Amino acid sequence: MFIGITGYNHESSAALVDKNGKLIDFHREESLSRIKGDKSFPRRSIKKLLDTNNLKVKDIERVAFYERPLSAFLHIVKEASLHMPRSLALLTHQFRNFNRSSVSCYYDFAKSFKGLETKLIYSDHHLSHTITALAYSNSKKDICSVVVDGFGDRSTASISQIVDPTEINELWECPYPVSLGLFYSSITDYLGFAINEGEYKVMGLASFGDSKSKSAKLLRRLMDWDSTSNKIISDMTYFDYHVSTSNSFSSKLEELLGPARNPFVQLIPGDSDFQRCADIARGAQDLTIYLLEKIFIHAHKITNSRRFLFSGGVSMNSASIDSLAQLPFVDEIIIPPSPGDAGCAIGAAFYCYIKSNSYSNLNISKPSLFPSLQEIRNDGFLTEQIIHNEFSILERDEDDAFLRAAELIGSGEVIGTVLSCSETGPRALGNRSLICDGKNKDAVKNLNTVIKNRSPFRPTAPAMRYEIAEKYYKLRPEIYDCYKSMSATCKCLDNNVSLEFPTTHVDGTARIQIVENNSSLDKLLSILEPMGIDILANSSLNVSGDPTCFDLVDGLMVCSRTKLRYLLSDLGLLKRKA
């Protein structure tokens, strides 16, 4: 057995791969700690892997950390030292927190899981991303990997040629501090959203913006592609993320674009500052797409590949993927369901497996979107007491529960789901979801702004079967797998009724989900389609700002804190009493 972990810098996680090259378990630390974006040493996640799968330390052959801690530490220090005295606070912070950074990984293993520290190895950050994406590809050889993120070890973007899983050669990199990921995070911060959390809000806001506006065009000053050197270039005077612990952008950015938005003032369409912010978001999105296209063009040039893996935090920019799929040399783009740093635990675990000399027949099995072995069935005293006091069980039989849930959806209700195993990635795909009729505007509004308490400019994803999606959207076969994990938006067909769906962005696009056969949503849709409902609105089961629900107790808590009344679970269909 092999374990991979991430932590300390971004969301922590742990993954378990068996001796046959199969991902059998994966957990994000925030799911267990209930701390949004928890980046601590993933102690709970590792313990969950061991306990759930009845493993001891002696059963683990190797453990891999997803990056090389000292390399990452030294690159940040080296860059900051070039900007003294402005960077003094950052340098002081780095050295004061040295023992609490990822360099303490060995010590934390020794403290919490005695014996595992002796089996610890380290993977390159972008290699972990690459192997995570490779696991989800049907082909495991002769493919190109593109990684674009904020920062990892030494670089912020890379291109690698994959000969096979044992031979992955990096051919190009974008050195820190120039970073497309940190640029987008800086604009996220400027627009008043939380870094590493609010980037998807910028994507939603961008659909309201105008690419021809003055604000959008000003963004092009910040970064560009040098076709002579084949490098991303950036005017770093607009940014402070490489010299400051608290500021991501400099005062010069405010001189260019105007004052940064107050994060404590709600952003609502029609308000005085809304269009300026939307135009800035549009400019950031346009620049991101432009630079990603340049990276992919260069990747094709140096590898001659037509099939691509795409990972790293920037690959979560689902609004850019449709444009990449239209590049004339692209036959396929594969994005893992958890392409950010949390998903790197999967790549790190497979890195252990690949580096092992114990198995001559190397085989990396394509993981499920719901990999955990354990079905989340809560039969503990706490769960029983909550259900007894606060809920009624409408249906216990699974088939009856699904039928009743479908009838409620048909009548305009919103249903929460806590079914079987949780999803790998950050996007709920039906097992930890809030769902309703995707064409019912009142139901979608209730889900989005009343139950979830989300900003009104952030639409909900439509989920449907492939044959239904073909009726409404311009699907691209190059990114078919991306649609399964909500990793790509697509355009509505011209003059199509889908343009009026409440799940459609104002710019005529939607981040669709094509449901997998035999999944929970597939089962619901098989009941709903004869009733005239062929699209479900799907959002994660949580209150805005909280981690997605992990188990039934979390789902019950969402009901108690919101106006959600119904929960479809492994125990049956539940209804809140009050």
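Look a little higher up for the structure.
As the structure is a prediction and not an experimental result, all values here were calculated from the model.

**Student:** Before we move on, can you summarise the pairing of strand β4 (residues 62–65) with the specific residues and values?
**Tutor:** Relative to β4, strand β1 (residues 2–6) runs parallel, the two sharing 4 bridges. Bridging from a neighbouring strand, I5 pairs with F65 of β4. For β4 and strand β5 (residues 120–122), the ladder comprises 3 bridges, and the chain directions are parallel. Within the sheet, the bridge partner assigned to A64 lies in β5 and is I121.

**Student:** How would you sum up the pairing of strand β8 (residues 167–175)? Please name residues and give values.
**Tutor:** Bridging between strand β7 (residues 155–164) and β8 involves 8 bridges; their strand directions are antiparallel. Considered in β8, the bridge of S160 is made with E170. Hairpin connection between β7 and β8: a loop of 2 residues separates the two successive antiparallel strands.

**Student:** So what's going on with the nonpolar core? Which residues, and what values?
**Tutor:** Core analysis: the largest hydrophobic core is formed by 78 residues, its most contacted members being F183, L191, L205, L222, F310 and Y473. Of the residues forming this core, the biggest block, 12 residues, is contributed by helix α11 (residues 274–303). Residues contacting L191, with those up to four places away along its chain left out, are V202, L205, R261, C277, I280 and A281. Residues F26, L55, A133 and A345 belong to the second largest nonpolar core, which totals 46 residues.

**Student:** Give a description of unusual backbone geometry that names residues and reports values.
**Tutor:** M84 connects to P85 through a cis peptide bond whose omega is 5°. Examined against the element boundaries, P85 turns out to sit in the loop between α3 (69–81) and α4 (88–96). With omega at 15°, the peptide bond leading from Y176 into P177 counts as cis. Relative to the helices and strands, P177 is located in the loop between β8 and α7 (180–190). The backbone of Y8 sits at a positive phi, close to 80°, despite the residue not being glycine.

**Student:** Lay out the pattern of salt bridges with the relevant residues and their values.
**Tutor:** In total, this model carries 26 salt bridges according to the counting rule given. Close ionic contact of K36 with E197 constitutes a salt bridge, the shortest N to O distance being 3.8 Å. Of this pair, K36 sits in the loop between α1 (29–33) and α2 (43–52) while E197 sits in the loop between α7 and α8 (199–206); the two residues are 161 residues apart in sequence, bridging distant segments of the chain. Classification of K36 as partly exposed rests on a relative accessible area of 37%. Looking at E197, the relative accessible area reads 22%, which means it is partly exposed. In this structure, R404 and E395 form a salt bridge, with 3.3 Å as the shortest nitrogen-oxygen distance. Residue E395 is classed as partly exposed on the basis of its relative accessible area, which comes to 22%. Members of the salt-bridge network, linked through shared partners, are D124, R154, E170 and E173.

**Student:** An account of empty space enclosed by the protein is needed here, citing residue identities and associated values.
**Tutor:** For the coordinates displayed, the defined rule picks out 3 cavities of 30 Å³ or more. What the largest cavity holds in volume is close to 50 Å³. Lining the largest cavity are R28, E30, S31, S422, E423, R432, T548, C549 and F550. In terms of residue class, the lining of the largest cavity is built from 2 nonpolar, 3 polar and 4 charged. Taken as a whole, the second largest cavity encloses approximately 40 Å³ of empty space. Lining the second largest cavity are L369, F370, L429, K484, Q513, I514, V515, E516 and S519. Its residues assigned to classes, the lining of the second largest cavity shows 5 nonpolar, 2 polar and 2 charged.

**Student:** Quick rundown of the packing of aromatic side chains? Include the residues and the values.
**Tutor:** In the structure shown here, the tally under the stated rule is 21 aromatic pairs. Relative to F249, the ring of Y190 has its centre 5.6 Å away and its plane inclined at 75°; by these criteria the two rings are edge-to-face. Pair noted here: Y190 is in helix α7 and F249 is in the loop between β10 (231–234) and α10 (251–257), with a separation of 59 residues, a long-range link. The interplanar angle of 70° and the centroid separation of 6.3 Å between the aromatic rings of Y472 and Y473 together place this pair among those described as edge-to-face. Given a relative accessible area of 9%, Y472 falls into the buried group. Judged by its relative accessible area of 2%, Y473 falls in the buried class.

**Student:** Describe the sheet that holds strand β19 (residues 513–514), naming the residues involved and giving the relevant values.
**Tutor:** Ordered by their spatial adjacency, 8 strands build an open sheet running β13-β22-β21-β14-β15-β20-β16-β19, and the pairing between neighbours is mixed. Two strands close off the open sheet at either side, each with one partner strand: β13 (391–395) and β19. Sheet topology places strand β15 (residues 433–437) next to strand β20 (residues 536–540); 5 bridges connect them, and they run antiparallel. Looking at β20, one finds that C436 is bridged to A537. In the packing of helix α15 (residues 398–410) onto the sheet, contacts are made with β13, β14 (415–418), β15, β20, β21 (566–569) and β22 (572–576), and the angle to β22 comes to roughly 45°.

**Student:** Describe the environment of L574, listing the residues and the values that go with them.
**Tutor:** Within the element layout of this structure, L574 appears in strand β22. For the pair L574 and R396, spaced 178 residues apart in sequence, the C-alpha to C-alpha distance is 8.8 Å. Discounting residues that sit within four places of it in the chain, L574 has contacts with I387, F391, S392, I393, L552, L556, R565, Y566, L567 and S569.

**Student:** Kindly report on α4, identifying the contributing residues and their values.
**Tutor:** Within α4, burial applies to L90, L91 and Q94. Summarising the axial view, the buried residues of α4 lie within an arc of 100°, below the 170-degree limit, and thus occupy one face.

Cut-offs used in this document
- Residues numbered from 1 in each chain as written.
- Predicted model: local features only at pLDDT ≥ 70, side-chain atom pairs only at ≥ 80, totals over all residues.
- Heavy atoms only, no water.
- Pairing = 2+ DSSP bridges.
- Helix = DSSP H or I, 4+ residues; strand = E, 2+ residues; numbered from the N terminus.
- Core = buried A, V, L, I, M, F, W, Y, C linked by side-chain atoms within 4.5 Å.
- Buried < 20%, exposed > 50% of the residue type's maximum accessible area, 1.4 Å probe, protein only.
- Contact = heavy atoms within 4.5 Å.
- Salt bridge = Lys/Arg side-chain N within 4 Å of Asp/Glu carboxyl O.
- 1 Å grid on protein atoms, 1.4 Å probe; cavity = no way out; pocket = protein on both sides within 12 Å on 5 of 7 lines; lining within 4 Å.
- Points joined across faces, edges and corners; volume = space filled by probe spheres on them.
- Nonpolar A, V, L, I, M, F, W, Y, C, P; charged D, E, K, R; others polar.
- Phe/Tyr/Trp six-rings, centres within 6.5 Å; stacked < 30°, edge-to-face > 60°.
- Axes fitted to C-alpha atoms, helices over the stretch in contact; angles between N-to-C directions.
- Arc of directions from axis to C-beta.

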